[in-house]
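These are the residues of each chain, in order.
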Amino acid sequence: MRVGELSRRTGVSVPTIKYYVREGLLPAGELSSPNQARYDESHVRRLRLVRALMDVGGLSVAAIRDVLDAVEDPGRSVHGLLGAAHGRIAPREDGPDDAAREAAGRQAAALIARRGWRVDDGYPAARSLADALAAMFRLGHERFAEVSLDTYAEAAERVAEVDMAYVAREVAREDLVESTVVGTVLGDAVFTALRRLAQADASARLYDTAAPDDASSPAAGTEGTGGVGGGDAAGGSSGTGAAGDTAG
């Protein structure tokens, strides 16, 4: 197919497709003449993956390039690919290296040891956990680690088992590594949305005392629990659109 058909099938503009080729996110098409290139289904699949990582996963062009380089490295194990994906999506914390960060680092390391997780303290997600805990500590929420951290870890273990079971269903390496990236980056977005939905439901059950059939119940409007989930969802959608427009 020509670039115009590739654009129609994926919803990505021709200038953006050419930009992705220049940036190394999309392989160049096969030249059929000096000024014409032909593309195939692999380009359709790659474009959809790039847009998903960008629009839903929130990855930058540079981060996507690094992840795709790992995907295309035949010597990279699936476990190594997972680490590469985690390294690119882990948030960067610019907070001070203070007593709170030191205490949070100890908490994160203790949790990893307690759970018997086969990762080291320098793993990107371990640093992200310590950074998040440090921010909580600075706000006076030290008890979170004592009360909630292991419960969160147990839930994370269950989700990780489901993730790996999904990845293990694939046989071909191309499908296997793509499932790993999709499950890691897009799975985060899915789990965040599910958590917010569950939080809204738990809030309604705990704090909303209005009768279920009461039309004025906050759950039925936009100012109650619907606002808890809906407001966040609306904000995320708006940000996603911006990321897509900027990249295009």
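Residues numbered from 1 in each chain as written. Predicted model: local features only at pLDDT ≥ 70, side-chain atom pairs only at ≥ 80, totals over all residues. Heavy atoms only, no water.

## Section: the packing of aromatic side chains
In step 1: Applying the stated criterion across every chain yields a total of two aromatic pairs.
In step 2: Between Tyr19 and Tyr20, the aromatic rings sit 5.9 Å apart at their centres with planes inclined by 50°, giving tilted as the arrangement.
In step 3: By relative accessible area, Tyr19 is classed as partly exposed at 25%.
In step 4: Ring centres of Phe144 and Tyr152 lie 5.3 Å apart, and the angle between their planes is 75°; on these two criteria the pair is classed as edge-to-face. (Phe/Tyr/Trp six-rings, centres within 6.5 Å; stacked < 30°, edge-to-face > 60°. Buried < 20%, exposed > 50% of the residue type's maximum accessible area, 1.4 Å probe, protein only.)

## Quick word on the packing of helix 6 (residues 99-115) against helix 9 (residues 149-168)
In step 1: Between helix 6 and helix 9, the least distance of the axes is 11 Å, while the angle of their chain directions is 50°. Our classification of the angle between helix 6 and helix 9 gives oblique. The way helix 6 lies across helix 9 gives a crossing that is right-handed. Residues Leu111, Arg114 and Arg115 of helix 6 touch helix 9, and the partners they reach there are Leu149, Asp150, Ala153, Glu154 and Glu157. (Axes fitted to C-alpha atoms, helices over the stretch in contact; angles between N-to-C directions. Helix = DSSP H or I, 4+ residues; strand = E, 2+ residues; numbered from the N terminus. Parallel < 35°, antiparallel > 145°, perpendicular 65-115°, else oblique. Left-handed = near helix turned anticlockwise from the far one by under 90°. Contact = heavy atoms within 4.5 Å.)

## Some words on a nonpolar patch on the surface
In step 1: Judged by side-chain polarity, Val190, Leu194 and Leu197 come together as a nonpolar surface patch covering roughly 300 Å² of accessible area.
In step 2: Here Val190 lies in helix 10 (residues 173-207). (Patch = residues over 30% accessible without salt bridge, like charges linked within 9 Å, V, L, I, M, F, W, Y side chains within 5 Å. Areas by Shrake-Rupley, 256 points an atom, 1.4 Å probe, with all protein chains shown as cover. Salt bridge = Lys/Arg side-chain N within 4 Å of Asp/Glu carboxyl O.)

## Quick word on the confidence of the model for the chain
In step 1: Considering every residue of the chain, the mean pLDDT works out to 78; 77% of them sit at 70 or more.
In step 2: Within the chain, helix 2 (residues 14-22) carries the highest mean pLDDT (94), whereas helix 11 (residues 225-247) carries the lowest (39).
In step 3: Within the model, the stretch residues 214-248 combines pLDDT values under 50 with 30 contacts to residues more than four positions away or in other chains. (pLDDT = per-residue confidence, 0-100.)

## Section: the nonpolar core
In step 1: Ranked by internal contacts, the top residues of the largest apolar core, which has 26 residues, are Leu6, Tyr20, Leu25, Leu47 and Ile64.
In step 2: Residue assignment for this core shows that the elements contributing at least two residues are helix 2, helix 3 (41-55), helix 4 (61-71) and helix 10.
In step 3: Here this core takes seven residues from helix 3, the largest share from any one element.
In step 4: Discounting chain neighbours no more than four positions away, the residues touching Leu6 are Met1, Ile17, Tyr39, His43, Val44 and Leu47.
In step 5: Formed by 10 residues, the second largest nonpolar core is a distinct cluster that contains Ala104, Leu133, Ala134 and Ala153. (Core = buried A, V, L, I, M, F, W, Y, C linked by side-chain atoms within 4.5 Å.)

## Considerations on the pattern of salt bridges
In step 1: Per the stated rule, a full pass over the model turns up 12 salt bridges.
In step 2: Ionic pairing is found between Arg138 and Asp98, a salt bridge with its closest N-O pair at 3.0 Å. Within this pair, whereas Arg138 is found in helix 7 (residues 124-138), its partner Asp98 is found in the loop between helix 5 (78-89) and helix 6, the two being separated by 40 residues in sequence.
In step 3: Residue classification places Arg138 among the partly exposed residues on the basis of a relative accessible area of 34%.

## What to know about the packing of helix 6 against helix 7
In step 1: The geometry of helix 6 relative to helix 7 is characterised by a closest axis approach of 8 Å and an angle of 130° between their N-to-C directions. It follows from the interaxial angle that helix 6 and helix 7 lie oblique. Note that helix 6 runs across helix 7; the crossing there is right-handed. Facing Ala100, Arg101, Ala103, Ala104, Gly105, Gln107, Ala108, Leu111 and Ile112 of helix 6, the residues of helix 7 in contact are Ala126, Arg127, Leu129, Ala130, Asp131, Leu133, Ala134, Phe137 and Arg138.
In step 2: By residue class, the composition of the contact of helix 6 with helix 7 is 12 nonpolar, two polar and four charged. (Nonpolar A, V, L, I, M, F, W, Y, C, P; charged D, E, K, R; others polar.)

## What about helix 3?
In step 1: The end-to-end C-alpha separation of helix 3 is 21 Å, in line with the 21 Å expected for 15 residues at 1.5 Å each.
In step 2: For helix 3, every residue scored as buried is listed here: His43, Val44, Arg46, Leu47, Leu49, Val50, Arg51, Ala52, Leu53 and Met54. (Expected span 1.5 Å × (residues − 1).)

## Description of the pairing of strand 1 (residues 30-33)
In step 1: One ladder, built from three bridges, connects strand 1 with strand 2 (residues 36-38); its direction is antiparallel. Residue pairing across strands places Ser33 opposite Gln36, the latter belonging to strand 2.
In step 2: Once strand 1 ends, the chain turns through two residues before running back antiparallel as strand 2. (Pairing = 2+ DSSP bridges.)

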